[in-house]
Amino acid sequence: MNNVEKIRVERLNLHYGTHQALYDIEMNIPENSICALIGPSGCGKSTFLRTLNRMNDLIEGVKINGEVKVDGHNIYTSDTDVVSLRKRVGMVFQRPNPFPMSIFDNVAYGPRIHGTKKKAALQEIVERSLRQAALWDEVKDRLNKSALGLSGGQQQRLCIARLLAVEPDVLLMDEPTSALDPISTLKVEELTQNLKERYTIIIVTHNMQQAARISDFTSFFLNGYLVETDKTDKIFTAPGDQRTEDYITGRFG
């Protein structure tokens, strides 16, 4: 892990209509690291995650001010190409959402949209992405079968492979294991550890043990505020704020 800054968030505020959901968020995320976002339900974690690739733009009545810089560029300027941004900063959702098509076509979908048409090139991308998602050995003999026939854990790794196929820089994961069994959860956790060598990963999780196991940094959100952010071992052993300790030890949340 290095200390080169990948994402810098400055004075970020977000309103849904008249309701303010995020207050003056300030955060720096180094590249090739895993940052876990923790906190009770409804505290702003997923809303914050969606600000990092402007997914909140799709919600009516959202107003955002402040800056989110990815590689030094503020993504909230009017000249930002949002399609290109979401290619670079991709999202994995809480429940696996494979398309109702073959395993191959799921992974090839993004590259095709972005102009890759040659079959050999697509085959190479599909194999590489499935290998990166630790799924190739399980599906290589049924690439033309429906993705909907995969188990939940396999579907989630397929969605990660689909994301990797368009060569993003940043992976946003919104509780990616909450709908999975323990063995599938472990596979996705191992996968994130391997992926951080190439990508910067921000993950929302309600699982304190998961945050402690896999992340380098942890950020604790409460009622729309970022209470504190620090190296994970410090957050879990010597947090700087009593509210963080109360949440981690299960006094509320």
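Up top is the structure these notes are about.
Calculation rules
- Residues numbered from 1 in each chain as written.
- Predicted model: local features only at pLDDT ≥ 70, side-chain atom pairs only at ≥ 80, totals over all residues.
- Heavy atoms only, no water.
- Disulfide = S-S within 2.5 Å.
- Buried < 20%, exposed > 50% of the residue type's maximum accessible area, 1.4 Å probe, protein only.
- Helix = DSSP H or I, 4+ residues; strand = E, 2+ residues; numbered from the N terminus.
- Axes fitted to C-alpha atoms, helices over the stretch in contact; angles between N-to-C directions.
- Parallel < 35°, antiparallel > 145°, perpendicular 65-115°, else oblique.
- Left-handed = near helix turned anticlockwise from the far one by under 90°.
- Contact = heavy atoms within 4.5 Å.
- Nonpolar A, V, L, I, M, F, W, Y, C, P; charged D, E, K, R; others polar.
- Expected span 1.5 Å × (residues − 1).
- Arc of directions from axis to C-beta.
- Polar contact = N/O pair within 3.5 Å; in protein donor to acceptor, adjacent residues only side chain to side chain.

Across all of its chains, the model carries 0 disulfides by this definition. Just so you know, Cys-43 is unpaired, no disulfide at all, and the nearest cysteine sulfur is the one on Cys-35, 13 Å from it. For Cys-43, a relative accessible area of 3% corresponds to the buried category.

The next thing to look at is the environment of Val-9. Note on placement: Val-9 falls in strand S1 (residues 5–16). On the basis of relative accessible area, Val-9 is assigned to the buried category, the value being 1%.

Before going further, it helps to examine the packing of helix H6 (residues 152–164) against helix H7 (residues 182–195). Relative placement of two packed helices is described by the angle separating their axes and the distance separating the axes. Direction vectors running N to C along H6 and H7 enclose 20°, while the axes themselves pass 9 Å from each other. One element, H6, and the other, H7, form an angle in the roughly parallel class. Here the hand of the crossing between H6 and H7 comes out right-handed. Counting all contacts with H6, which are made through Gly-153, Arg-157, Ile-160 and Leu-164, the residues of H7 involved are Ser-184, Lys-187, Val-188, Leu-191 and Leu-195. Taken together, the residues that form the contact of H6 with H7 break down as 5 nonpolar, 2 polar and 2 charged.

Moving on to H7. For H7, which comprises 14 residues, the first-to-last C-alpha distance of 20 Å matches the rise-based estimate of 20 Å (1.5 Å per residue) to within 8%. Residues of H7 that are buried: Ser-184, Thr-185, Val-188, Glu-189, Leu-191, Thr-192 and Leu-195. The arc enclosing the buried residues of H7, seen along the axis, measures out at 160°, which places them on a common side. Exposed and facing more than 90 degrees away from the buried side of H7 are Pro-182, Ile-183 and Asn-194. Buried residues in H7 make contact with strand S3 (34–38), helix H4 (119–132), H6, strand S7 (170–174), strand S8 (200–204) and helix H8 (208–214). Put simply, Asp-181 is the residue that caps the front of H7, since its side-chain oxygen is 3.0 Å from the backbone nitrogen of Ile-183.

Interpretation note: all reported values are geometric properties and have no functional meaning in isolation.
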